[in-house]
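# Coordinate analysis (summary)
Residue-level listing of the chains:
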There are 2 protein chains.
Amino acid sequence: MLNAKAYSAVSATSPLAPTTIVRRDLTEQDVQIEILFCGICHSDLHTVRNEWSSLIQTVYPCVPGHEIVGRVTKVGSAVTKFKVGDLTGVGCLVDSDHTCPQCQAGLEQFCPNQVWTYSGKDKHLGGVTYGGYSDTIVVDQRFVLRIPENLDPAAAAPLLCAGITTYSPLKHWDVKAGKKVGVVGLGGLGHMGVKFAHALGAHTVVFTTSKNKVEDALRLGADEVVISTSASEMIRHTASFDFILNCVSAEHDINAYINLLAIDGNMTLVGAPEKPLSLGAFGLLMGRRSVSGSPIGGLRETQEMLDFCGKHNITSDVETIAIQQVNEAYERLLKADVKYRFSIDMASLKSE
Amino acid sequence: MLNAKAYSAVSATSPLAPTTIVRRDLTEQDVQIEILFCGICHSDLHTVRNEWSSLIQTVYPCVPGHEIVGRVTKVGSAVTKFKVGDLTGVGCLVDSDHTCPQCQAGLEQFCPNQVWTYSGKDKHLGGVTYGGYSDTIVVDQRFVLRIPENLDPAAAAPLLCAGITTYSPLKHWDVKAGKKVGVVGLGGLGHMGVKFAHALGAHTVVFTTSKNKVEDALRLGADEVVISTSASEMIRHTASFDFILNCVSAEHDINAYINLLAIDGNMTLVGAPEKPLSLGAFGLLMGRRSVSGSPIGGLRETQEMLDFCGKHNITSDVETIAIQQVNEAYERLLKADVKYRFSIDMASLKSE
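Here, residues in each chain are numbered from 1, in the same order as that chain's written sequence. Each chain gets a letter, beginning with A, and each ligand a number, beginning with 1, in the order they are written. Two thresholds apply to this predicted model, a pLDDT of at least 70 for residue-level local features and 80 or more for giving and counting side-chain atom pairs, whereas whole-chain, interface and lining totals are computed over all residues. Values shown for side chains rest on all heavy atoms present in the structure; no hydrogens or waters enter the calculation.

### A few points about the sheet that holds strand β16 (residues 290–293) of chain A
The cut-off we apply is this: One bridge is not enough; two strands pair if DSSP finds at least two bridges between them. Secondary structure follows DSSP: runs of H or I at least 4 residues long count as helices, runs of E at least 2 residues long count as strands, and numbering of each begins at the N terminus. Comment: axis = line fitted to C-alpha atoms, over the contacting stretch for helices; angle = value between 0 and 180 degrees taken between N-to-C directions. Note on contacts: a residue pair is in contact if any heavy atoms of the two residues lie within 4.5 Å.
Taking strand neighbours across the sheet as the criterion, the twelve strands line up as β12(A)-β11(A)-β10(A)-β13(A)-β14(A)-β16(A)-β16(B)-β14(B)-β13(B)-β10(B)-β11(B)-β12(B) in an open arrangement whose pairing is mixed. Two strands close off the open sheet at either side, each with one partner strand: β12 (224–227) of chain A together with β12 (224–227) of chain B. Across the sheet, the mean angle separating the axes of adjacent strands is 20° when strand polarity is ignored. Lying over the sheet, helix α4 (residues 162–172) of chain B contacts β14 (261–269) of chain A together with β10 (180–184), β13 (241–246) and β14 (261–269) of chain B, oriented at roughly 160° with respect to β13 of chain B.

### Examining the pattern of salt bridges
Keep this limit in mind: Salt bridges are counted wherever a side-chain nitrogen of Lys or Arg sits within 4 Å of a carboxyl oxygen of Asp or Glu. We call a residue buried when its accessible area falls under 20% of the maximum for its residue type, exposed when it is over 50%, and partly exposed in between, using a 1.4 Å probe and counting protein chains only.
As enumerated under the stated definition, the model contains 35 salt bridges over all chains in all. Ionic pairing is found between R146 of chain A and D86 of chain A, a salt bridge with its closest N-O pair at 3.4 Å. Residue R146 of chain A is found in strand β9 (residues 145–146), and its partner D86 of chain A is found in the loop between β4 (68–75) and β5 (87–90); the two are separated by 60 residues along the sequence. Its relative accessible area of 9% is what places D86 of chain A among the buried residues. Between D174 of chain B and K176 of chain B there is a salt bridge; the shortest N-O distance is 3.3 Å. Judged by its relative accessible area of 40%, K176 of chain B is partly exposed. A single network of salt bridges, built from pairs that share partners, joins K195, D216, R219 and D317 of chain A.

### Structural notes on the interface of chain B and chain A
Put simply, the rule is: Buried area is calculated as the accessible area (1.4 Å probe) missing from two parts once they are joined, with the contributions of both summed. N or O atoms closer than or at 3.5 Å make up a polar contact, with two conditions inside protein: a donor-capable atom paired with an acceptor-capable one, and, for residues adjacent in sequence, both atoms drawn from side chains. Residues were grouped as follows: Ala, Val, Leu, Ile, Met, Phe, Trp, Tyr, Cys and Pro as nonpolar; Asp, Glu, Lys and Arg as charged; and all remaining residues, including Gly, as polar.
With 35 residues of chain B at the contact, the number on the chain A side is 35 residues. Taken together, both faces of the contact between chain B and chain A bury some 2900 Å²; the carbon and sulfur share is 71%. One can count zero salt bridges joining chain B with chain A. Linking chain B with chain A are seven residue pairs in polar contact (both at pLDDT 80 or more), by the criterion used here. Put simply, the parts of the chain that give the side of chain B that touches chain A at least two residues each are α4, β14, β15 (277–279), α9 (281–285) and β16 (290–293) of chain B. Looking at the side of chain B that touches chain A, its residues break down into 20 nonpolar, twelve polar and three charged.

### Focus on the confidence of the model for chain A
Going by this rule: By definition, pLDDT measures how confident the predictor is in each residue, and it falls between 0 and 100.
For chain A, mean pLDDT is 96; residues scoring 70 or higher make up 100% of the total. The ipTM value of the predicted complex is 0.94, and its pTM value is 0.95.

### Some details on the side chain of T208 of chain B
Turning to its location among the elements, T208 of chain B is positioned in strand β11 (residues 203–208). Engagement of the side chain of T208 of chain B in a polar contact is seen with the backbone nitrogen of S210 of chain B, the distance being 3.1 Å.

### Quick word on the environment of V270 of chain A
Residue placement: V270 of chain A occurs in the loop between β14 and β15 (277–279). The residues touching V270 of chain A, leaving out its near neighbours within four places in the chain, are T165, P169, L189, L245, N246, C247 and S294 of chain A together with L285 of chain B.

### Examining unusual backbone geometry
Residues apart from glycine generally show negative phi values, whereas peptide bonds are mostly found in trans. The residue after Y60 of chain A, namely P61 of chain A, is reached through a cis peptide bond having omega 0°. The residue P61 of chain A is located in the loop between α1 (42–48) and β4 in this model. Of note, the amide linkage connecting K339 of chain B to Y340 of chain B takes the cis form, showing an omega dihedral of -10°. Positive phi values are uncommon outside glycine, yet R288 of chain A reaches one of about 50°.

### Some words on the relation of the copies chain B and chain A
How we decide: The superposition of copies rests on a least-squares fit of C-alpha positions from residues with pLDDT of 70 or more in both.
Of the transformation superimposing chain B on chain A, the axial component is 0.0 Å and the angular component is 180°, with the fit at an RMSD of 0.0 Å. Accordingly, the operation relating the two chain copies is best matched by a two-fold axis. Comparing contact sets, 100% of the residues at the interface of chain B also lie at the interface in chain A, consistent with an isologous, same-surface contact.

### Digging into the packing of helix α4 (residues 162–172) of chain A against helix α5 (residues 188–199) of chain A
All names here are of chain A. Note the following rule: For classification purposes, angles smaller than 35 degrees are called roughly parallel, those larger than 145 roughly antiparallel, those between 65 and 115 roughly perpendicular, and all remaining angles oblique. Handedness of each helix crossing follows the sense of rotation of the near helix against the far helix: counterclockwise by less than a right angle gives left-handed, clockwise gives right-handed.
For the pair α4 and α5, interaxial distance at closest approach is 8 Å and the crossing angle is 50°. In terms of orientation, α4 lies oblique with respect to α5. Along this stretch, α4 crosses α5, giving a crossing that reads as right-handed. Facing A162, G163, T165, T166, Y167 and L170 of α4, the residues of α5 in contact are G188, L189, M192, G193, F196 and A197. When its residues are assigned to classes, the contact of α4 with α5 shows seven nonpolar, five polar and no charged.

Structural data, given as structure tokens:
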């Protein structure tokens, strides 16, 4: 087995700190990856602090990170998809059962036996899986993705979660040229939603509460920006959207956006507000509108998204940090003080 | 113009009482119908009592009724669809603009210029339209439907609202053999939902809070009945429904039903609870599930539903009453004391 450097939290109230973890010896299907960059997702923070304890208890020590980009350093004897030196990515999942109807349909995100990249059940070594805040990871080739070489690896890392989480619902709800699409909330998820909706050819409208985000929204690809606190701006868009991607995790009035949907329009939530939202039935009834949710995406679609990014030269807007800055970065994340995603440069881990 | 007998309310607090109203002279496109039966819809009560004043103010006098079945007594010179003696129906709409994209698509229920059968803007005589609690109505042939002669006209009347309101979402969400479908709430809408889901070949599960509705649910066509207050019964159905038709107008926990939806499952609300519902985002995210609403249906689909009813011999379970019992029926409606819809026999109006 292989010792790997990592950052872990030993309890819900501990900061992340240097540690050494073990990675398994390669099975014939495994790929060993030297991690170059790992994005910081809000889920990392929730898990480290055990804030989703009503759904699942975090097991400590916890090594988070599921926006992983790195180079292949070793492959198992049966690995055909990758060779040493390839630029690869690993997202939120490292395994599934491969046999359920969801897996058969390429929807591993819904497999009842999926294995999360961190805080998942480690089938090989027992205990929990350790994520990407580390210098090395070993992953089954079926859960390793190819990163187009033209993309900046630091900025590509967040594609593995923020990217697929926004790309998947846009594709599922058939966003394309001729459609009017809204993106609510311009953060880590939202800024990817804008880039994708624009690249897919839709007329893209960003909703934000903050006037000082207007310029950035336009730069990212928005055709229009609506200040959502302005009733008069909102009313101009009544019943006109084919699709709205709602990236807000804070409490907010979703009915105001439902009223902006056209007949048969859909709003998909990709943020997960802790408290229940207030939903008026009339807004849905009056236009056969729907509200849905969407989590990440399957492996096939994640590769499709990465290829799309390669073709359209799309990456996340990142602030690259050293691993030693990760606790500070979490505090800034809570204040939404990042444009728009942190990406940890794992070269910084060598000095630990 | 023609004097017609009717029952109207003169204010939000007045009982319905006999009156005389005027129906227009036939235009070349019009059909004059002698009303035989008119169903009582909960909307009638809401409108008469001005309970939807936050959405629209009721104009008095108000003659409700939009579940109308009658025989053609006269036709305009250009009427080709109907002849004297035909058994016909009129539902919630008597006109629309015929030119908007929704009308072009046969979705008159979403036309921005639709004219409701009662409390709508009367283009011909000015003022508001008067509904089916009357002996006669004059309607443009495009908004008149053909009732299969094999159906009992008293029991067919509720098809024009309760029928299409439940049939339309079942068809829109592709309910058919091989699908598992839930119907929540066994009232005027729900009992029609059960009949349709069963006739469409779906495995139909009724959710009710009331044990004494089990037998009736099975008689109406349910394959299973779940007592929704039993956590153990509910949990057995987790993540298994393709579609749930939610017919409840009272406050209730929709998240309990969202958790029963399979991947990509949809729950459509056809009841309209007054207060906002509480919606948890995680339930939607975890299975790409959706919640939507649906109001009545278009004219083409309403005729399709009636033809389907003729073929499968489907009508509403009704209690036929005289118009003189209408105020008492409203009180019983509030207590859900009807199995499952009142149908007013308009012959009783002749004695007024």
